[in-house]
Amino acid sequence: MGSAGQPVFLVDLPTADSDRDMVDRGGSLAEFIALPSIARLGWPNAVVEDWLFDHGAHEAFRNDYRDLDLSAIAWALEDVPSASLQGIRTGPSEQEFLESVAKHHSHFLGLRREPIRDGWERKGTWLDAPLLLDLKLMNRDEVSLQLVEGRMRVGILQGRLRGGFRVASTHKAWVGRKRPGGS
């Protein structure tokens, strides 16, 4: 939780996107992670980097997750079955982009660096785990996950599945679930 058990929302946190103050001041990821408001969350560095550091000021995230108490999330690196990712949705503001990537997966994969393309061809999966949230965190009764970050990765996966390309049966993903003891 935030200080004194208070909820923490995206608008409460500093941003670090390239057009925002942290990077403009020459701030690094390590400095960002060490900020008290970020450190207090207790999130893994990879999650902080992918969501808060790289995309914390991204207006779509701020809209889609504005009511989400970030202090209530506990993250774990999990193996997620391809079948669970095949129809996974993302926040409303980015759903169209996810669908576009899936439809044009070969094009988007071709834009990636060689190690990423090679990972898909050899192992049938991504190199860096995307971020998924348990829908219960957003007060939904569904037993399902929502994609937060990694739309390109998951879109490529969905397109490859639909196109009959080689895809691993499970994929590493950071999954955010309700923190034990949280309300």
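What counts as what
Residues numbered from 1 in each chain as written. Predicted model: local features only at pLDDT ≥ 70, side-chain atom pairs only at ≥ 80, totals over all residues. Heavy atoms only, no water. Pairing = 2+ DSSP bridges. Helix = DSSP H or I, 4+ residues; strand = E, 2+ residues; numbered from the N terminus. Contact = heavy atoms within 4.5 Å. Axes fitted to C-alpha atoms, helices over the stretch in contact; angles between N-to-C directions. pLDDT = per-residue confidence, 0-100. Core = buried A, V, L, I, M, F, W, Y, C linked by side-chain atoms within 4.5 Å. Buried < 20%, exposed > 50% of the residue type's maximum accessible area, 1.4 Å probe, protein only.

Here we come to the sheet that holds strand β3 (residues 131–134). The strand order β1-β5-β3-β4-β2 describes an open sheet built from five strands, whose pairing is mixed. The open sheet has two edge strands, β1 (73–81) and β2 (89–90), and neither has a second partner. For β3 and strand β5 (residues 170–178), the ladder comprises three bridges, and the chain directions are parallel. Of the residues in β5, the one forming a bridge with Leu 133 is Gly 176. Helix-sheet contacts for helix α4 (residues 45–55) involve β1, β3, β4 (145–149) and β5, and the interaxial angle to β3 is about 100°.

This part is about the confidence of the model for the protein chain. With 91% of its residues at a pLDDT of 70 or more, the protein chain shows a mean pLDDT of 89. Note that residues 19–25 has pLDDT below 50 and, in this model, 16 contacts with residues that lie over four places away or in other chains.

Trp 43, Trp 51, Leu 52, Leu 70, Trp 75 and Leu 133 are the most contacted members of the largest nonpolar core, which has 26 residues in total. Elements supplying a minimum of two residues to this core: α2 (29–34), α4, β1 and β3. The element best represented in this core is α4, accounting for five residues. The residues touching Trp 43, leaving out its near neighbours within four places in the chain, are Val 48, Trp 51, Leu 52, Leu 70, Ile 73, Trp 75 and Arg 179. Grouped together as the second largest cluster of nonpolar side chains are 19 residues, Ile 88, Leu 109, Val 167 and Ala 173 included.

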